[in-house]
Structures are given as C-alpha cells and as structure tokens.
Amino acid sequence: MRPRLALVPGEPAGVGPELCVRLAQQPPDADLVAFADPATLTAAAEALRLPLKLLSPGEHAGPGELVVKPVPQATPVRFGHADPANAAAVIGALREAGAACLRGEFHGLVTGPVNKASINAGGIAYTGTTELLARQAGVEVVMMLANPTLWVALATTHLPLREVPDAITRPQLTRVIRIIDAALRRDFGLALPRIAVLGLNPHAGEQGHLGREEIEVIEPVIAALRADGLRLSGPFPADTAFLRPRLAQCDVVLAMYHDQGLPVLKHAGFEDAVNLTLGLPYPRVAVDHGTALELAGRGDADPSSLIAAAALCTQLAQRRVASSPPVGAPSGAMLLNGIAPAGARSIAPEGAHGIAPEGAPTGWPEGGRR
Ligand SMILES: NC(=O)c1ccc[n+]([C@@H]2O[C@H](COP(=O)([O-])OP(=O)(O)OC[C@H]3O[C@@H](n4cnc5c(N)ncnc54)[C@H](O)[C@@H]3O)[C@@H](O)[C@H]2O)c1
Ligand SMILES: N[C@H](C(=O)O)[C@H](O)COP(=O)(O)O
C-alpha cells in the first residue's frame, strides 16, 4: 500500500522548506502533498540549486517533483528572518493538513519545525504542534522522540518548569502511560511494552527527603497500572536511568518533563531522531530539530531527520492500514525504519550490551540512512 502523506514544512524562513525540497529529491514510498506557499518552496529549491517541479493535487510526483496544496503567506520568505506576519499561514497549513488527516484524506502527517516565538509574536497562542493537533483532534496525546538507539516519551511537554509538578497528577500520569502502552502495541507491535518511568526530583526524591511527588503520585500510578498488567519499572533517578544496562531493560523511557528527557535523546543521536505524536487518530511524525534560522537557505541543513520522519510515517501508515499487528510479537521485536525500542537493540547484530556501536544502523532493516 502506497500511503498518502500530508507534509508541512513549518516556519518558511527556517530550514523546513529546503529540507522538503531535499526530501522531494528522494521521496519515501508514499505520495506526498505539501501544504505550503509554492513561492517559498521554489525559493528554497533555487537557493539550494536543486530541481523542483511543483504539481497540483491529483498529479503523481516523481523525484524532484512535489505536489502542493497552496497555503499563501502574508509576506514573501526571507530565509533566516522569521516574519510574525506569516504566523497565520504556518498555523493554517498545520490545521488544514491535520483536518485533512482527520477526514481520512491522508494516511499520516509529516511536519517540519515551527518557530514558537514567531507564531506568538504574530498573535497566535501556540506552544507546539503536538498540542495543536491534539486539540484539533479532541484527544490527549503523548510526545515521544526516538532514534535508532533510544526512545523517550514525555509526561509533560511545553510548559514552564515552574508548572510541571502541578501538571503531573495521578489521573494525568495514568492517561499518559496508557497512551504510550496502547501506541507501542498498535504502531510498533510490542506485545507488552516495557516502560521505564523516571522520578521528578533528584534521586527520585530520595525516599521523600528530596521531594514527595514520587511517593504521592508516581509510585501509586505505577503500582495501579502494574496490577492492571502493564509492564512498568521505576520511578528511576533520571541521572542514572539512561545508563546502558538500564536502557537494555526497557523499550521506552518516560521522562517527567521536556528537558529531563530530550537532551539525552538529542545528544544520543540528533541527526536521525524523529518526534512522534502518540494517541492521534493518524500517525504524525516530525523532525527532532528546530527552525535553525542561521542555516536556512545556505544548503548546510541536514535532511536526515525529515527523511527519517517521512520514512517512519510511511511505515506506520502502512501498518495501520494493514491487518492488526502479529499476535504475540516478542517485546522489542519490531524494527520500523531502523527505529527500534531501547531493549530491542539487543537483537541488532552489531549491538554490544544492546547498544549499536558508532555508525551501526547500516545493518538494520531499512536503517541504513547513514
Ligand atoms: N519540531 C519543531 O517544531 C521544533 C523542534 C525544536 C525546536 N523548535 C523551535 O525552533 C526554534 C530554534 O530552536 P533551537 O535553536 O533551540 O533548536 P534548533 O534545533 O533549531 O538548533 C539547535 C542547533 O542544531 C542545529 N541544527 C538544527 N537543525 C539542523 C539541521 N537540520 N541540520 C544541521 N544542523 C541543525 C542548529 O544550527 C543549532 O546549532 C525555536 O523557536 C524552537 O521552539 C521547533
Ligand atoms: N519538543 C520538540 C523538540 O524539542 O523537538 C519541539 O519543540 C516541538 O514539538 P512539536 O512540533 O511536536 O510540538
């Protein structure tokens, strides 16, 4: 099955448009439709001196071609200079593409980076695309970033650090863990996903001497969900939870907040990591990097994350359309686009202690992106 995927470049002045142009040179096994201003895509192609022929919806694109659903900007793009006047176009493209996915016109959504400050400066309250798509779909979601060696999900996303402890409650954390468990079963075929839950406080609260959220919220949630059959461990002190032997025991690490988990993930592998939204009615996969305004229009931006996102979204869409996941697939068995859960690395032939050595993804199914 060849999926139809909606593609949204994100901030016009950032690296998103040129990465879409690069993606169009080596498209995934899917039909892409870009929701964007055609002039911006053309300008990006010209800046990079790459061929790009824009087509209309309904036409079939080959390499160097891209079908576009026009979303006009208020002002012409100037790479490197985000214009808040274009906020409505950026958000409009995301909303249009999300709505089309909800109507079943596309099998999945791939998105580039958005500059949160520019959108807010343009008068639109926006914390992130994850939250925007969740609100539009009327569901709760979980953000999970993944690269071939590590998966990290977040209990909270884009909110001030000061607000994090109050946002983590027993019902909220229960819902987060259930969304992760269900998504990893459905989309990755894990029979019993192993979720390692981090504490919130230093040393996971040190038995209540360094904070009580572990005792009052996190431990009771883990105990209740374990009693329901979920495979949970923790709460672990965050500073040692990412040590290799510990990672080998889980499929995904659940961090309590954005900067508890994502610096580790991005340090472990920035280039080919992707950002998944778990819990949406359709697969959404995004880049793991930001708008990188300083690189835009120069041709120096690495397209690996967008290419990985499009490839993974293609596979997730195919998987959802195809029959249900294989019954009893061993935990960690599914490898999609080389994205394997942490514990699954032990089945990769190159892995030592389940960790792929430098440059190892070449041996993984479809994982030879570098
Ligand atoms: N997916 C998203 O929408 C997303 C993700 C992260 C950050 N952001 C937004 O992007 C803006 C800039 O954020 P930031 O500076 O913290 O992060 P950033 O990812 O834009 O940049 C961090 C560093 O990585 C480099 N980099 C980023 N993408 C690259 C690529 N494709 N190839 C090579 N190098 C690359 C940059 O040059 C910079 O040195 C902010 O407004 C932030 O909110 C958006
Ligand atoms: N938190 C993400 C990251 O650090 O890569 C990013 O800022 C935005 O993600 P969404 O587009 O899914 O909101």
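Residues numbered from 1 in each chain as written. Chains lettered and ligands numbered in written order. Predicted model: local features only at pLDDT ≥ 70, side-chain atom pairs only at ≥ 80, totals over all residues. Heavy atoms only, no water.

Operational definition: UniProt positions are given in the numbering used here, feature names are shortened, and annotations may be inferred rather than shown by experiment.
Under an unreviewed UniProt entry, the name given to the protein is 4-hydroxythreonine-4-phosphate dehydrogenase, and the organism recorded is Arenimonas composti TR7-09 = DSM 18010. You can read under Subunit (unreviewed entry) in the UniProt record for the protein the words "Homodimer." Word for word, the UniProt comment on the protein under Sequence similarities (unreviewed entry) is "Belongs to the PdxA family."

1. Here we look at the packing of helix α7 (residues 170-188) against helix α12 (residues 304-321)
Let me state the cut-off plainly: Note on geometry: axes are lines fitted to C-alpha atoms, helical ones only across the stretch in contact, with angles between N-to-C directions running from 0 to 180 degrees. Note on conventions: DSSP H or I runs of at least 4 residues are helices, E runs of at least 2 residues are strands, and numbering of each starts at the N terminus. For classification purposes, an angle smaller than 35 degrees is called roughly parallel, one larger than 145 roughly antiparallel, one from 65 to 115 roughly perpendicular, and anything else oblique. Any two residues whose heavy atoms approach within 4.5 Å at even a single point are treated as in contact. In this classification, the charged set is Asp, Glu, Lys and Arg, the nonpolar set is Ala, Val, Leu, Ile, Met, Phe, Trp, Tyr, Cys and Pro, and all remaining amino acids, among them Gly, are polar.
Packing of α7 against α12 brings their axes to within 9 Å, and their N-to-C directions diverge by 85°. The pairing of α7 with α12 is recorded here as roughly perpendicular in orientation. On the side of α7, the interface is formed by R186, D187 and F188, while α12 contributes L312, L316, R319 and R320. Looking at side-chain class alone, the contact of α7 with α12 contains 3 nonpolar, no polar and 4 charged residues.

2. Notes on the packing of aromatic side chains
Operational definition: A pair of aromatic rings is counted whenever rings of Phe, Tyr or Trp (Trp by its six-membered ring) have centres within 6.5 Å, and the orientation is called stacked for planes under 30 degrees apart, edge-to-face for over 60 and tilted otherwise. A ring has a charge above it when a Lys NZ or an Arg CZ is no more than 6 Å from the ring centre and no more than 35 degrees off the ring normal.
In this structure the tally under the stated criterion is 2 aromatic pairs. Ring centres of F35 and F106 lie 5.7 Å apart, and the angle between their planes is 70°; this geometry places the pair in the edge-to-face category. With F35 in strand β2 (residues 31-36) and F106 in the loop between α3 (87-102) and β5 (108-111), this pair connects stretches of sequence that are 71 residues apart. The cationic tip of R4 hangs over the ring face of F106; the distance from NZ or CZ to the ring centre is 4.7 Å.

3. Looking at helix α2 (residues 38-48)
Where we set the bar: Each residue gets one of three labels from its accessible area relative to the maximum for its type: buried under 20%, exposed over 50%, partly exposed in between, using a 1.4 Å probe on protein chains only. To be clear, the arc concerns the directions from the helix axis to the C-beta atoms.
Three or more residues of α2 are buried, namely T40, L41, A44, A45 and L48. Seen end-on, α2 carries its buried residues on one side only, within an arc spanning 135°. Away from the buried face of α2 by more than 90 degrees, exposed residues A39 and E46 are located. Contacts from the buried residues of α2 go to α1 (16-25), β2, β3 (53-55) and β4 (65-70). Backbone geometry just after α2 places R49 at a positive phi near 55°.

4. Comments concerning the pairing of strand β1 (residues 4-8)
We count it as follows: Note: two strands are recorded as paired if DSSP finds a minimum of 2 bridges between them. For crossovers, right-handed means that the path from the first strand over the helix to the second runs clockwise, given strands pointing away from the viewer.
For β1, a buried count of 4 out of 5 residues is recorded, marking the element as mostly surrounded by other parts of the structure. Across 4 bridges, β1 lies against β2 in parallel orientation. Counterpart to L5 in the pairing with β2 is L32. Crossover β1 to β2 through α1 is right-handed. Two strands pair when backbone bridges link them, and β1 and β5 are joined in this way by 4 bridges, in the parallel orientation. Directly across from L7, in β5, lies its bridge partner V110.

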